[in-house]
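What follows is each chain in one-letter form.
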Amino acid sequence: MVWFVICLAAVFAIMVLVPCVGLWLRKRDFERQVRGQRPERPAGNAAEPKPDLPDMSDAQQLADAARLKSLQNAFTNLTL
């Protein structure tokens with residue numbers, strides 16, 4: 001029983017400490033970049049905008065509009 005409590009406390013401590021250590025490391029790294037002690041690391045490909053979706057045909061747009069209207073009508077008819 002004692003080992004169970006110790007293991008439970010250790011798991012809880014790990015769950016609390018790991019995110020705190022990660023935040024501390026990110027904050028420290030940012031401060032070092034601002035002071036010039038570490039070269040700035042750009043965001044890379046994540047900062048580039050995602051490409052636009054391909055153009056939908058008129059039939060697909062009309063089908064999507066009809067689907068949305070039918071859902072609106074279904075939710076409007078609901079009574080509480």
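Because the structure is a prediction, the values reported are computed rather than measured.

Engineer: Explain the overall build of the chain to me, please; I cannot follow it from the model alone.
Structural biologist: Check the secondary structure of the chain and you find 2 helices and 0 strands. Out of the 80 residues in the chain, the part that is buried amounts to 2%.

Engineer: For this particular structure, what's the right way to read the environment of Gln 33?
Structural biologist: Relative to the helices and strands, Gln 33 is located in helix 1 (residues 2–35). For Gln 33, a relative accessible area of 21% corresponds to the partly exposed category. Among all residues touching Gln 33, those that are not within four sequence positions of it are Arg 38, Pro 39, Glu 40 and Arg 41.

Engineer: Sorry, what's going on with the side chain of Asp 29 here?
Structural biologist: With respect to the secondary-structure elements, Asp 29 resides in helix 1. Aside from chain neighbours lying at most four places away, what touches Asp 29 is Arg 38 and Arg 41.

Engineer: How should a nonpolar patch on the surface be read in this particular structure?
Structural biologist: Together, Met 1, Phe 4, Val 5 and Leu 8 give the surface a local cluster of nonpolar side chains, amounting to about 490 Å² of exposed area. Along the chain, Val 5 falls in helix 1.

Engineer: Explanation requested: the environment of Arg 67 in the structure shown.
Structural biologist: Tracing the chain through its elements places Arg 67 in helix 2 (residues 58–76). Owing to a relative accessible area of 47%, Arg 67 belongs among the partly exposed residues under this scheme. At 2.7 Å, the side chain of Arg 67 forms a polar contact with the side chain of Asp 64.

Engineer: So what exactly am I meant to see when it comes to the pattern of salt bridges here?
Structural biologist: Where side chains of opposite charge bring their charged atoms close, a pairing between them can arise. Within this structure, the stated rule accounts for 2 salt bridges. We note a salt bridge from Asp 64 to Arg 67, for which the minimum N-O separation is 2.7 Å. One end of the pair, Asp 64, and the other, Arg 67, are both in helix 2, 3 residues apart, so they sit about a helical turn from each other.

Engineer: I'm lost on helix 1 in this one. Help?
Structural biologist: Given 3.6 residues per turn, any residue in an α-helix points the same way as the ones three and four places further on. Relative to the 50 Å expected for 34 residues at 1.5 Å per residue, helix 1 spans 48 Å between its end C-alpha atoms, a close match to the ideal helical length. With its phi angle positive at about 90 degrees, Gly 36 sits one or two positions after the end of helix 1.

What counts, and where the lines are drawn
- Residues numbered from 1 in each chain as written.
- Predicted model: local features only at pLDDT ≥ 70, side-chain atom pairs only at ≥ 80, totals over all residues.
- Heavy atoms only, no water.
- Helix = DSSP H or I, 4+ residues; strand = E, 2+ residues; numbered from the N terminus.
- Buried < 20%, exposed > 50% of the residue type's maximum accessible area, 1.4 Å probe, protein only.
- Contact = heavy atoms within 4.5 Å.
- Patch = residues over 30% accessible without salt bridge, like charges linked within 9 Å, V, L, I, M, F, W, Y side chains within 5 Å.
- Areas by Shrake-Rupley, 256 points an atom, 1.4 Å probe, with all protein chains shown as cover.
- Salt bridge = Lys/Arg side-chain N within 4 Å of Asp/Glu carboxyl O.
- Polar contact = N/O pair within 3.5 Å; in protein donor to acceptor, adjacent residues only side chain to side chain.
- Expected span 1.5 Å × (residues − 1).

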